[in-house]
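Observations on the model geometry
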Amino acid sequence: MKMTSSLFGLVSMNVFVLIVLTVFVQPASSNRLTVSGTSFMLNNNKVFLSGGNLAWINYGCDYGYDFYPNTKPKVEEQFKLMKQAGGNTMRIWIHCECVSSPLINETSGYVIAPDNNGKFLGDVKDLLDTAEKYDILVIPTLWSAGKHPRLHGLINDTKKLQSYIDIVLKPLATKLKGHKALGAYDICNEPEGILIRHSVDTDPCFDTRGVNFGIGWHGAFFDYKHMLRFINLQSAAIKSVDPGALVTVGIWEGKVITDKFNMVNRYSDDCLRKAGGKKEGVLDFYSVHGYSNAIGQTFDSLGVFKHSAPDYGVNKPIVVGE
Ligand SMILES: *[C@@H]1O[C@H](CO)[C@@H](O)[C@H](O)[C@H]1NC(C)=O
Ligand SMILES: *[C@@H]1O[C@H](CO)[C@@H](O)[C@H](O)[C@H]1NC(C)=O
């Protein structure tokens, strides 16, 4: 009697466990790239992102207008080579510093269209369709933190940024929603390139005195408060139309994604939300770059080639984006 009942107990427990597993496993069976803890998942399996930063064919002039017929065969060749080499991911830059797209009214600084002939959105969609043929995930990098005043207007003024979000970003995220070749959106390449050194702020998220060396190599234009707001608002906009889309940023160095080593993780949910006010406007993983310094050929002591991911103490995956 005792045995029967315990056997029954065991069986019913198994049934219960099975049901619970089914419920939890189902969302991960998505064939889109997702994040689970500090891992990436694809088709129910953990996946290691391995690939390259193609960046561009013609800087800022690859999508929209009449650029794409020139771009496509060259990018497709790179997808083919990447596939042959065993890679699965390609990072590709879209607007760069606002060289051609989006189309901006030069008088007002507001975005008026993606481009001048309505081709931009279809071109980026075709880029992903092409990548899918080679099982490559594309990480479109929207912006590159350079000197161009058109881009600076969007970073500086949230009304101008909102015109970009409404006219380009949300339509783009809607068009690409659920695409199998969409790896993640990378909002901006190396924001630190246009940050102000010695920026004093009572909030450690925005104070740059701890990272003086190295930032602002394109000029001193913004502080982290502006830059993180720029990222937070765009991430939230993407997630408002495609909640399953992953979002990241092409971050300059490992030292700005960690709260350890007396540093501050500038890209934490907390810092991003403080800057832009949008709860959803956070990153799903950290894409960090690592270059040796030109003189000594040495890496920063907190750089990605000097550490293992757990050293940074973050609860999201880390990719070496460059
Ligand atoms: C560009 O902005 C100016 C100034 O706000 C405005 O007068 C003009 O109509 C705008 N042009 C277009 C094409 O939107
Ligand atoms: C940002 O806007 C302020 C106020 O309009 C202006 O003084 C400043 O020069 C702008 N900064 C950049 C980098 O465009």
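First, a word on what this report is: a plain description of the structure on this page.

Procedures and definitions
Residues numbered from 1 in each chain as written. Chains lettered and ligands numbered in written order. Predicted model: local features only at pLDDT ≥ 70, side-chain atom pairs only at ≥ 80, totals over all residues. Heavy atoms only, no water. Core = buried A, V, L, I, M, F, W, Y, C linked by side-chain atoms within 4.5 Å. Buried < 20%, exposed > 50% of the residue type's maximum accessible area, 1.4 Å probe, protein only. Contact = heavy atoms within 4.5 Å. Near = heavy atom within 4 Å. Polar contact = N/O pair within 3.5 Å; in protein donor to acceptor, adjacent residues only side chain to side chain. Areas by Shrake-Rupley, 256 points an atom, 1.4 Å probe, with all protein chains shown as cover. Nonpolar A, V, L, I, M, F, W, Y, C, P; charged D, E, K, R; others polar. 1 Å grid on protein atoms, 1.4 Å probe; cavity = no way out; pocket = protein on both sides within 12 Å on 5 of 7 lines; lining within 4 Å. Points joined across faces, edges and corners; volume = space filled by probe spheres on them. Helix = DSSP H or I, 4+ residues; strand = E, 2+ residues; numbered from the N terminus. Phe/Tyr/Trp six-rings, centres within 6.5 Å; stacked < 30°, edge-to-face > 60°. Lys, Arg positive; Asp, Glu negative; His and termini not counted. Salt bridge = Lys/Arg side-chain N within 4 Å of Asp/Glu carboxyl O. Pairing = 2+ DSSP bridges. Right-handed = clockwise from strand over helix to strand, strands pointing away.

1. Overview of the nonpolar core
One finds Phe79, Trp143, Tyr164 and Tyr267 to be the most contacted residues of the largest nonpolar core, which totals 73 residues. When neighbours within four sequence positions are excluded, phenylalanine 79 is seen to be in contact with Met90, Ile92, Leu127, Thr130, Ala131, Tyr134, Ile136 and Val138. Formed by 10 residues, the second largest nonpolar core is a distinct cluster that contains Phe40, Leu137, Phe285 and Val319.

2. Some details on the site of ligand 1
Taken together, Asn105, Thr107, Ser108 and Ile112 make up the full set of residues adjacent to ligand 1. In this structure, an oxygen atom belonging to ligand 1 sits 2.3 Å away from a side-chain N or O atom of asparagine 105. Alone, ligand 1 offers 360 Å² of accessible surface; in the complex the protein occludes 32% of this. Among the residues making up the shell around ligand 1, the classes are represented as one nonpolar, three polar and no charged.

3. Some thoughts on the site of ligand 2
Around ligand 2, the structure places Asn156, Phe221 and Phe222. Here an oxygen atom of ligand 2 and a side-chain polar atom of asparagine 156 are 2.2 Å apart. Within the complex, the protein chains bury 33% of what would otherwise be the 360 Å² of accessible surface of ligand 2.

4. Focus on the layout of surface pockets
Put simply, the largest pocket is a space of about 420 Å³. Residue lining of the largest pocket: 16 residues in total, with Gly214, Trp252, Glu253, Tyr291 and Asn293 positioned closest to the centre. Contributing to the lining of the second largest pocket are Thr38, Ser39, Phe40, Lys46, Val47, Phe48, Leu49, Pro317, Ile318, Val319 and Val320. Breaking the lining of the second largest pocket down by element, the ones donating at least two residues are strand 2 (39-42), strand 3 (45-47) and strand 12 (318-320). For the lining of the second largest pocket, the residue count by class is eight nonpolar, two polar and one charged.

5. Overview of the packing of aromatic side chains
Tallying each qualifying case throughout the model produces 10 aromatic pairs. Ring pairing ties together the aromatic residues Trp56, Tyr59 and Trp93, which thus form one cluster.

6. What about the side chain of glutamate 190?
As for its position among the elements, glutamate 190 is in the loop between strand 9 (185-189) and helix 6 (224-241). Arginine 91 is the oppositely charged side chain nearest to the buried, salt-bridge-free glutamate 190, at an N-O distance of 6.6 Å. Excluding its chain neighbours within four sequence positions, the residues that come into contact with glutamate 190 are Ala145, Trp217, Gly250, Trp252, His289, Tyr291 and Glu322.

7. Observations regarding the pairing of strand 5 (residues 89-96)
Judged by how many residues are buried, strand 5 sits mostly within the fold: eight of eight residues are covered. As judged from the four bridges shared by strand 4 (residues 51-55) and strand 5, these two strands associate in the parallel manner. Each bridged residue has a counterpart across the sheet, and for glycine 51 the counterpart in strand 5 is threonine 89. Handedness of the crossover joining strand 4 and strand 5 through helix 2 (residues 68-84): right-handed. Sheet topology note: the strand 5/strand 8 (residues 137-144) ladder contains six bridges and is parallel. Bridged to tryptophan 93 within strand 8 is threonine 141.

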